[in-house]
Each structure stands twice: as structure tokens, then as C-alpha cells.
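# Examining the three-dimensional arrangement
In case you want the letters, here they are:
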Amino acid sequence: MSIKVKKLSKVYGTQKALHEVSFEVNKGEILGLLGPNGAGKSTLMKILTGSISQTSGDGKICNLDINENSLETRSKIGYLPEHNPLYLDMYVKEYLEFVANIYEVKHKYINKIIEKTGLQKEQRKLIGSLSKGYRQRVGLAQALLHNPEVLILDEPTTGLDPNQLVEIRSLIKEVGKEKTVILSTHIMQEVEAICDKVLLLNNGKVLANNTVKEITKTEKIEDFFRRLTFNNNKTSLIYDKK
């Protein structure tokens, strides 16, 4: 089991950002993490990546406890946050070389990642001069550079034009065949196109833990999302392996 979360909670003062969230994701699966703004998605991803700690509950990455083995679990994760932090005054390839040095990755792999993420023509440009879409590609490249077992992507297709969107979706789907991917997005078509599972959060709680196939037997992902989040008091799980 690449990712296993059990009754994970996070409390800020009197506010429960997460309330006993549980789910599992296997190698070779892409989990679509859905929810309205403020649902707890970013908090969950920050806990899994070691940025913040949970209040209670357990989380494991590749069978390693995220607290007891914090450094080791973080080395197994590639992370692209929503607000992609980049050094704008560095050149693309220079930045990726910098990241490679941090991870102690041989520089020969940089060209492979540049090609995989479609940055060949941009590699000698300043990151600050790139469009938002190409900056997203640089962020994705740094997340993939150390060949992580787990990839956590927060709104990775933000700012991409339709052609770039198709290319990055295809890349994520290809990567997902051999890695474990958590993909947070507000684009429901994206979930239907590339995800295997859906974890739907609202107000810090799990509303649904479903397979995409199970959902789309009866309705579109967008209708599923709206139905469960529009009137939270009448929601129930459609399908849950637990």
C-alpha cells in the first residue's frame, strides 16, 4: 500500500480542518482529491508531505509512518503545490540542476525530465519570463526529478492552454501507471479522464471514497460532486471499499 491514511484529523484552535479522514491508494492508481474551497484538501496534502503535522490519526507513505520516518517519507514524494514556488531569476535548466543537487540526482536525468515535461525549447529561458503554463511544467519537472514513488499534485493544470492541458494530463496518466498519484483539482473532466478513484471532502470530512467507474455508471463526476456538496446533510457513500 503506497498511501494509507487512518482517522487523520487536524484542529486549528476550535476549527476542525480535517475530521477522521481515512483512505488508501495503491501503486499504479491515481486518486482525484475533490472538494469545495476550504474542504481540507490542502491541509491533507501538507500533512502527507510533512509540511505540517496532524492532530491525531495515522498516515503512512510506502509503509513508513509520516511522523516517525519524516525525512524518508518525504524523499519518496514528489510535490507540486498549488502556488508553485520557483526561483524566477534562475534559468529553467539551472533551476533543475539546483534541485538535482539537493536530491543528489545525477544531472544526466535532467534532460530526460525536460523532454518528458516538454521544456526543451524553454530550458535556457529565465523562469520569470515563462507563461504560467510553462511554469507549471517546471514545477512538475522538479516534482518528478528524483523519481519519487508517490506524486502529490495540487491543481497541476492551472493556467494551461487546451493543447498543454492534453499533454500534461497524458503525462500524469503515464506516470500514474508506475507511481501512486494524488491529484487535487476542480476540473471534473480531468478526474474522469485520468483518475481511478475519487476522495471527496467537505468541511474536513470524507463524503465519498469511490472508484471513478462506480460513479460514472450512474452520473457524471460533476453531477456527483454537486449533488454531494450542495446539500451536505443528505449525503451518503455510494461506494467504499472499507
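Overview of the structure.

Cut-off values and rules
- Residues numbered from 1 in each chain as written.
- Predicted model: local features only at pLDDT ≥ 70, side-chain atom pairs only at ≥ 80, totals over all residues.
- Heavy atoms only, no water.
- Helix = DSSP H or I, 4+ residues; strand = E, 2+ residues; numbered from the N terminus.
- Buried < 20%, exposed > 50% of the residue type's maximum accessible area, 1.4 Å probe, protein only.
- Lys, Arg positive; Asp, Glu negative; His and termini not counted.
- Salt bridge = Lys/Arg side-chain N within 4 Å of Asp/Glu carboxyl O.
- Polar contact = N/O pair within 3.5 Å; in protein donor to acceptor, adjacent residues only side chain to side chain.
- Contact = heavy atoms within 4.5 Å.
- Axes fitted to C-alpha atoms, helices over the stretch in contact; angles between N-to-C directions.
- Parallel < 35°, antiparallel > 145°, perpendicular 65-115°, else oblique.
- Nonpolar A, V, L, I, M, F, W, Y, C, P; charged D, E, K, R; others polar.
- Pairing = 2+ DSSP bridges.
- Phe/Tyr/Trp six-rings, centres within 6.5 Å; stacked < 30°, edge-to-face > 60°.

Okay, unusual backbone geometry next. You will see that Cys-62, though not glycine, has its phi angle at about 50°, which is positive. Considering the arrangement of structural elements, one finds Cys-62 in the loop between strand E4 (56-61) and strand E5 (64-65). With a phi close to 55°, Asn-203 is a non-glycine residue in the positive phi region. With respect to the element layout, Asn-203 can be found in the loop between strand E9 (197-202) and strand E10 (205-211). With a relative accessible area of 52%, Asn-203 lands in the exposed category.

All right, on to the side chain of Lys-41 then. With respect to the helices and strands, the residue Lys-41 is situated in helix H1 (residues 41-48). Buried and unpaired, Lys-41 has no salt bridge, with Glu-155 as the nearest side chain of opposite charge at 6.0 Å. Polar side-chain contacts of Lys-41 include one of 3.1 Å to the backbone oxygen of Pro-36. In this view, Lys-41 contacts Leu-33, Leu-34, Gly-35, Pro-36, Ser-184, His-186 and Leu-201; residues no more than four positions away in its chain are not counted.

Moving on, we come to the packing of helix H5 (residues 132-144) against helix H6 (residues 162-175). The contact between H5 and H6 brings their axes to 11 Å, and the two run at 10°. For the element pair H5 / H6, the angle class is roughly parallel. Between H5 and H6, the contacting residues are Gly-133, Tyr-134, Arg-137, Leu-140 and Leu-144 on the first element and Gln-164, Glu-167, Ile-168, Leu-171 and Val-175 on the second. Here the residues of the contact of H5 with H6 sort into six nonpolar, two polar and two charged.

The buried count for H1 comes to six of eight residues, which makes it a mostly enclosed element. Of the residues making up H1, those classed as buried are Lys-41, Thr-43, Leu-44, Met-45, Ile-47 and Leu-48. Following H1 by one or two positions, Gly-50 has its phi on the positive side, about 85°.

As for its position among the elements, Ile-182 is in strand E8 (residues 180-184). Between the C-alpha atoms of Ile-182 and Asp-154, which are 28 residues apart in sequence, the distance is 8.3 Å. The residues touching Ile-182, leaving out its near neighbours within four places in the chain, are Ile-3, Phe-23, Leu-31, Leu-33, Leu-48, Leu-151, Ile-152 and Leu-153.

This part is about the sheet that holds strand E2 (residues 15-25). Read across the open sheet, the four strands follow the order E2-E1-E4-E5; overall the sheet is antiparallel. Since the sheet does not close on itself, it has two edges, and those belong to E2 and E5, each with one partner. Pairing of strand E1 (residues 3-12) with E4, which is carried by five bridges, proceeds in the antiparallel orientation. For Ser-9, the partnering residue across the bridge sits in E4 and is Ser-56.

Moving on, we get to the pattern of salt bridges. Per the stated rule, a full pass over the model turns up eight salt bridges. With its nearest N and O atoms 3.1 Å apart, the salt bridge here joins Lys-197 to Glu-29. With Lys-197 in strand E9 and Glu-29 in the loop between E2 and strand E3 (30-34), this residue pair connects regions lying 168 residues apart in the sequence. Lys-197 sits in the buried class, given a relative accessible area of 9%. We classify Glu-29 as buried; its relative accessible area is 14%. Taking the shortest distance from any N to any O, the salt bridge between Glu-174 and Lys-177 comes out at 3.3 Å. Lys-177 gets classed as exposed once you look at its relative accessible area, which sits at 60%.

Our focus in this paragraph is the packing of aromatic side chains. Counted according to the given criterion, the structure contains two aromatic pairs. Measuring from ring centre to ring centre gives 5.7 Å for Tyr-87 and Phe-98, while their planes differ by 85°; the resulting arrangement is edge-to-face. Of this pair, Tyr-87 sits in the loop between strand E6 (77-80) and helix H3 (92-103) while Phe-98 sits in helix H3, and the two are eleven residues apart along the sequence. Connected via pairs of aromatic rings, a cluster forms that spans Tyr-87, Tyr-95 and Phe-98.

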